[in-house]
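Here is how the chains run, residue by residue.
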Amino acid sequence: MWEKAIKGKEFFKNAMIIEAEKLSHAWSDRKLVWFFWARLESMWHSKVQQGKSVENDVIMQEIMRMLSFDASDQGWAVISRGSEMAKANGDTILRSFNELNSWMENAREKGFIVALNDHIRELQTPHHCSRLILPGIDNPEKVVCAECGRLMEKLTLYRCCTLTVYVGRPETSA
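Description of the structure in this document. (Residues numbered from 1 in each chain as written. Predicted model: local features only at pLDDT ≥ 70, side-chain atom pairs only at ≥ 80, totals over all residues. Heavy atoms only, no water.)

Comments concerning the nonpolar core
Counting twelve residues, the largest nonpolar core is built from Val33, Trp37, Leu40, Trp44, Met60, Ile63, Met64, Met66, Leu67, Phe69, Leu132 and Leu134. Of all elements in the fold, only helix 3 (30–49), helix 4 (58–71) and strand 3 (129–135) reach the threshold of two or more residues within this core. With six residues, the single largest contributor to this core is helix 4. Beyond its immediate stretch of four places on either side in the chain, Phe69 contacts Trp76, Lys87, Ala88 and Asn89. The next biggest cluster of nonpolar side chains, apart from the first, holds ten residues, and it includes Ile93, Trp103, Ala107 and Leu116. (Core = buried A, V, L, I, M, F, W, Y, C linked by side-chain atoms within 4.5 Å. Buried < 20%, exposed > 50% of the residue type's maximum accessible area, 1.4 Å probe, protein only. Helix = DSSP H or I, 4+ residues; strand = E, 2+ residues; numbered from the N terminus. Contact = heavy atoms within 4.5 Å.)

In structure tokens:
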């Protein structure tokens, strides 16, 4: 789990830039980031033990969405003001900001976060490729890394990929 918190030097580099340029606030403390992901995984475990799923629990849907952002190579962002929140993968949030002029009037009428969420929903298509890595259950107890020989963390990967054009070899199962 610790590797998840420190895996991307990009995250901390970006956080330092955000703070230095006084653009907003970002967590630059690795322990806070680790606790954020550990708490999300803990919430997932609790919901699973209660028999909850994305089909019947809104909190579970949000937990799964955040965990899938962490498994993505696209990065992600959460933008908030008070209790209002917008979140999306990095490509979608960047595109939304690049297209700000096209939804600025909506932002003036409804507020920035509501308009951002509206635009994010407009950008969503039925074609996507999401991955979700969860703490593993029912897998071999011990697996060592082929490259360094260290004991590997036990995880399970779920993937939903509806893209019709593949680069390289098409993979249809997780």
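So much for the structure itself; the text now carries on.
Topic: the environment of Ile79
Note that Ile79 resides in strand 1 (residues 76–81). On a C-alpha basis, the gap between Ile79 and Ile93 in space is 9.4 Å, while along the polypeptide they are 14 residues apart. In contact with Ile79, not counting residues within four places along its chain, are Glu84, Met85, Ala86, Ile93, Phe97, Phe112, Ile113 and Leu116.

Re the environment of Cys129
As for its position among the elements, Cys129 is in strand 3. On a C-alpha basis, the gap between Cys129 and Arg159 in space is 7.2 Å, while along the polypeptide they are 30 residues apart.

Let's talk about the packing of helix 3 against helix 4
To describe two helices that pack against each other, one gives the angle between their axes and the distance between the axes. Packing of helix 3 against helix 4 leaves a shortest axis separation of 10 Å and a crossing angle of 140 degrees. Taken as axis vectors, helix 3 and helix 4 run oblique relative to one another. Considering the relative orientation of helix 3 and helix 4, their crossing is left-handed. Along the contact surface, helix 3 presents Phe36, Trp37, Leu40, Glu41, Met43, Trp44, Lys47 and Val48, while helix 4 presents Ile59, Met60, Ile63, Met64, Met66, Leu67 and Asp70. For the contact of helix 3 with helix 4, a count of residues per class yields twelve nonpolar, no polar and three charged. (Axes fitted to C-alpha atoms, helices over the stretch in contact; angles between N-to-C directions. Parallel < 35°, antiparallel > 145°, perpendicular 65-115°, else oblique. Left-handed = near helix turned anticlockwise from the far one by under 90°. Nonpolar A, V, L, I, M, F, W, Y, C, P; charged D, E, K, R; others polar.)

In short, geometric facts, not functional conclusions.
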